[in-house]
Amino acid sequence: MKNLTIEKAHAALQKGEYTCRELSEAYLAVIKEKNKELNAYLEVYDDVLDQAKVADEKFKSGNATTLTGIPFAIKDNILFKGHIASAGSKILENYTASYDAFVIRKLKAVGAVILGRTNMDEFALGGSTENSAYGVTKNPHDTQRVSGGTSGGSAAGVASNLALGALGSDTGGSVRQPSAFCGVVGLKPTYGKVSRSGLMASTSSFDVIGPIAKTVEDAEIIFDAINGQDVLDSTSIPENLELRKYNLKPKIIGVPYDLINQEGIDPKVKDNFEKVVKNLENLGYEIKNIKLINCIALYYIINFAEVSTNLARFDGLRYGMHKDGKNLLEDYLLSKGLGFGKETRRRILLGTYVLSAGYYDAYYGKAQKARVALKKDFVKIFSEVDLILTPTSPIPPWKIGEKSDPLSVYLADLFTVIANIVGVPAISIPSGFIEEKGVKLPLGIQFMASHGREDLLFEIGKKFEEIAPKALSKPYLGL
Amino acid sequence: MENLAALARIELTEGEKKDLLSDMDSILGYVKQIENMKVENTESEYKVYNVWREDTVEVREFSKELITGQFSEAQDRFLKVKKIL
């Protein structure tokens, strides 16, 4: 199972070496064995074998495609009709989805088997799954450490063979950072490339659903299946949009050395990154020093503002947790006060602050202008380089409970938030291990490309994977 | 803090207020550096526009039962809330 990829599983299913049902049962058995310790899944659905039956029928009738029968995990903020979706929150503990998300409709159409919903930081606010109301997801490489977040359950699940592929959502690194922490591949597509219909909103202008997989090719297969325009998401991109398909083979890679050499970057991360750069130079890529600014303040101001607006809808009346008070206002106060976790309440309050009269121009207004300026910078940068390379995270996975100060967790998003602010696609790929106190921990590197150029990310990602086993120890888990 | 909590309709205990206040001081202190970002000659791109579709009936796979079944209180298939005024 540890060497299984989507292509390999598809070939075996096609040849009849095993059925979709048998494949699903094999994964369910691993989940039964390992999930209690890891806490990757919040729920394994009771209709898995029914889904597998539909998939097996597709093979029998000759209607199977690459993802038919492939066992998937989905993040707990993606709606799957008739199933609970709680976004890692108490306020939605018993909320049952009344319709399918766009991505679920896509997966259902090809007969993928959705095994269950995975743990996450409440409402996708955090970077370690420690903000989940249902306990932390442990890192399969070292169960003393976090799996990253916010899609920590999906990443830990793929890394430890609890699913062959998974969906996460990425607002500021929530697909890429847990993928790096767990030693798997995570793709954040171009903003609007995958419909947000049926994804619970965190920061609407940053959010995008992306695949988590064992290989770049698997991530590409999943991306191909879930992207597309949707009438239910007005920000989704038309499929026939003319993209600049010049220069199919990337040659010049920009590296923001100023950002990488600033304080707070773990020396072992830097060391690993330098090796990656050398390997890419050996492959014939030209490395160019570029300037990128630290965008954490800009990112978080917009994040707070949109989160406080989006989460206002949870009133305890129409769905989710309801606490009865003396009057309507008390219903709201009690339901929100008890239903939302600490980080969620903190961000709602911070968002209320940065949007309030008197502070609006200094914070939110300024951040929006800075966002436009950064987008302009990126047009210029991508006229000079084909790709941008950074470490995915400035630090390796931390110990559970180690970071009690919320700001220190925000700072770990240094490299990932940039792609969400400007909307470009980015991928995190395993780049080897470092040793921390006798335990091997995976690291990841991140490539960014210009809008709509996921193809460049897949191209370099596959090349990088080829050299990775030679140059760096290959991080897939032997679990 | 009390004003913000009232605006956001969130009930906080005294202990929580104290905790949140110190976190918020350090976070707001950090994000204040946005003041130093240079954005000369940049206008913010607020483009508020409508996205229309043809006014025709299309099938949407919503489950009415799943929606109304989750109301905190219902009467005759309608959501029931406490009096507003």
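This write-up is about the structure you can find in this document. (Residues numbered from 1 in each chain as written. Chains lettered and ligands numbered in written order. Predicted model: local features only at pLDDT ≥ 70, side-chain atom pairs only at ≥ 80, totals over all residues. Heavy atoms only, no water.)

### Some words on the overall build of chain B
Next up, step 1: What chain B contains, in helices and strands, is 3 helices and 2 strands.
Next up, step 2: When the elements of chain B are put in sequence order from the N terminus, they spell out α-α-α-β-β.
Next up, step 3: Across its three principal axes, chain B shows a C-alpha extent of roughly 55 × 45 × 25 Å.
Next up, step 4: Residue burial in chain B is summarised as follows: out of 85 residues, 25% are buried.
Next up, step 5: If you sum the accessible surface of chain B, you get close to 7,100 Å²; carbon and sulfur atoms cover 52% of it.
Next up, step 6: Counting 13 positive and 18 negative side-chain charges, chain B places the centres of these two groups 6 Å from one another. (Helix = DSSP H or I, 4+ residues; strand = E, 2+ residues; numbered from the N terminus. Buried < 20%, exposed > 50% of the residue type's maximum accessible area, 1.4 Å probe, protein only. Areas by Shrake-Rupley, 256 points an atom, 1.4 Å probe, with all protein chains shown as cover. Lys, Arg positive; Asp, Glu negative; His and termini not counted. Charge placed at Lys NZ, Arg CZ, Asp CG, Glu CD.)

### Details of the overall build of chain A
Next up, step 1: Across its full length, chain A carries 16 helices and 13 strands.
Next up, step 2: The C-alpha atoms of chain A give a radius of gyration of 21 Å, which matches the 23 Å a tight globule of 479 residues would have.
Next up, step 3: Its C-alpha atoms put chain A at 70 × 55 × 50 Å along the principal axes.
Next up, step 4: Across the 479 residues that make up chain A, the buried fraction comes to 66%.
Next up, step 5: For chain A, long-range pairs separated by at least 24 residues make up 76% of all intrachain contacts whose partners lie at least 6 apart in sequence.
Next up, step 6: With the model as given, the accessible surface of chain A reaches about 16,600 Å², and the carbon-plus-sulfur share is 51%. (Rg over C-alpha atoms; globule rule 2.2 N^0.38 Å. Contact = heavy atoms within 4.5 Å.)

### With respect to the interface of chain A and chain B
Next up, step 1: Contacts between the two partners involve 63 residues from chain A, matched on the other side by 47 residues from chain B.
Next up, step 2: Regarding the contact of chain A and chain B, the summed buried area is about 4,700 Å², with carbon and sulfur atoms giving 71% of it.
Next up, step 3: Counting the contacts that link chain A with chain B gives 5 salt bridges.
Next up, step 4: Joining chain A to chain B, the criterion identifies 13 residue pairs in polar contact (both at pLDDT 80 or more).
Next up, step 5: Mapped by element, the contributors of at least two residues to the side of chain A that touches chain B are helix 10 (296–310), helix 11 (328–339), helix 12 (342–354), helix 13 (361–384) and helix 14 (406–410) of chain A.
Next up, step 6: Looking at which element gives the most residues to the side of chain A that touches chain B, the answer is helix 13 of chain A, with 12 residues.
Next up, step 7: For the side of chain A that touches chain B, the per-class residue count stands at 36 nonpolar, 14 polar and 13 charged. (Buried area = accessible area lost by both parts, 1.4 Å probe. Salt bridge = Lys/Arg side-chain N within 4 Å of Asp/Glu carboxyl O. Polar contact = N/O pair within 3.5 Å; in protein donor to acceptor, adjacent residues only side chain to side chain. Nonpolar A, V, L, I, M, F, W, Y, C, P; charged D, E, K, R; others polar.)

### Structural notes on helix 12 of chain A
Next up, step 1: Taking 1.5 Å of rise per residue, the 13 residues of helix 12 of chain A would be expected to cover 18 Å, and the 18 Å separating its terminal C-alpha atoms lies within 8% of that figure.
Next up, step 2: Burial of helix 12 of chain A is extensive: 12 of the 13 residues sit out of reach of the surface.
Next up, step 3: Of all the positions in helix 12 of chain A, only Glu343(A), Thr344(A), Arg345(A), Arg346(A), Arg347(A), Ile348(A), Leu349(A), Leu350(A), Gly351(A), Thr352(A), Tyr353(A) and Val354(A) are classed as buried.
Next up, step 4: Buried-residue contacts for helix 12 of chain A involve helix 10, helix 11, helix 13 and helix 14 of chain A together with helix 1 (2–7) and helix 2 (14–31) of chain B. (Expected span 1.5 Å × (residues − 1).)

### What to know about the packing of helix 10 of chain A against helix 12 of chain A
All names here are of chain A.
Next up, step 1: One way to put it is that helix 10 packs onto helix 12 with a least axis distance of 7 Å and a crossing angle of 105°. The angle between helix 10 and helix 12 places the two elements in the roughly perpendicular class. Mapping the contact onto sequence places Tyr300, Ile301, Asn303, Phe304, Ala305, Val307 and Ser308 in helix 10 and Arg347, Ile348, Leu350, Gly351, Thr352 and Val354 in helix 12.
Next up, step 2: Grouping the amino acids of the contact of helix 10 with helix 12 by side-chain chemistry returns 8 nonpolar, 4 polar and 1 charged. (Axes fitted to C-alpha atoms, helices over the stretch in contact; angles between N-to-C directions. Parallel < 35°, antiparallel > 145°, perpendicular 65-115°, else oblique.)

### A short note on the layout of surface pockets
Residue and element names in this part refer to chain A.
Next up, step 1: Of the pockets and cavities examined, the largest pocket occupies roughly 1,500 Å³.
Next up, step 2: In this structure, the largest pocket is lined by 41 residues; those nearest its centre are Tyr191, Ser205, Thr235, Arg371 and Lys375.
Next up, step 3: Looking at the lining of the largest pocket, the elements with two or more residues in it are helix 10, helix 13 and helix 15 (417–422).
Next up, step 4: It is helix 13 that provides the largest number of residues to the lining of the largest pocket, a total of 9 residues.
Next up, step 5: Along the lines of polarity and charge, the residues of the lining of the largest pocket split into 19 nonpolar, 15 polar and 7 charged.
Next up, step 6: Of the residues that make up the lining of the largest pocket, three or more belong to each of domain 1 (6–247 + 386–467) and domain 2 (296–364).
Next up, step 7: In this structure, the second largest pocket spans a volume of roughly 400 Å³. (1 Å grid on protein atoms, 1.4 Å probe; cavity = no way out; pocket = protein on both sides within 12 Å on 5 of 7 lines; lining within 4 Å. Points joined across faces, edges and corners; volume = space filled by probe spheres on them. Domains from an automatic or database assignment.)

### Describing the environment of Asn35(A)
Residues and elements named next belong to chain A.
Next up, step 1: Summarising the element assignment, Asn35 is placed in helix 2 (residues 20–38).
Next up, step 2: For Asn35, a relative accessible area of 14% puts it in the buried group.
Next up, step 3: Here the alpha-carbon distance between Asn35 and Ser308, two residues 273 residues apart in the chain, equals 33 Å.
Next up, step 4: Contact partners of Asn35, with chain neighbours within four places excluded, come to Val30, Ala40, Tyr41 and Leu162.
Next up, step 5: A polar atom in the side chain of Asn35 sits 3.0 Å from the backbone nitrogen of Ala40.

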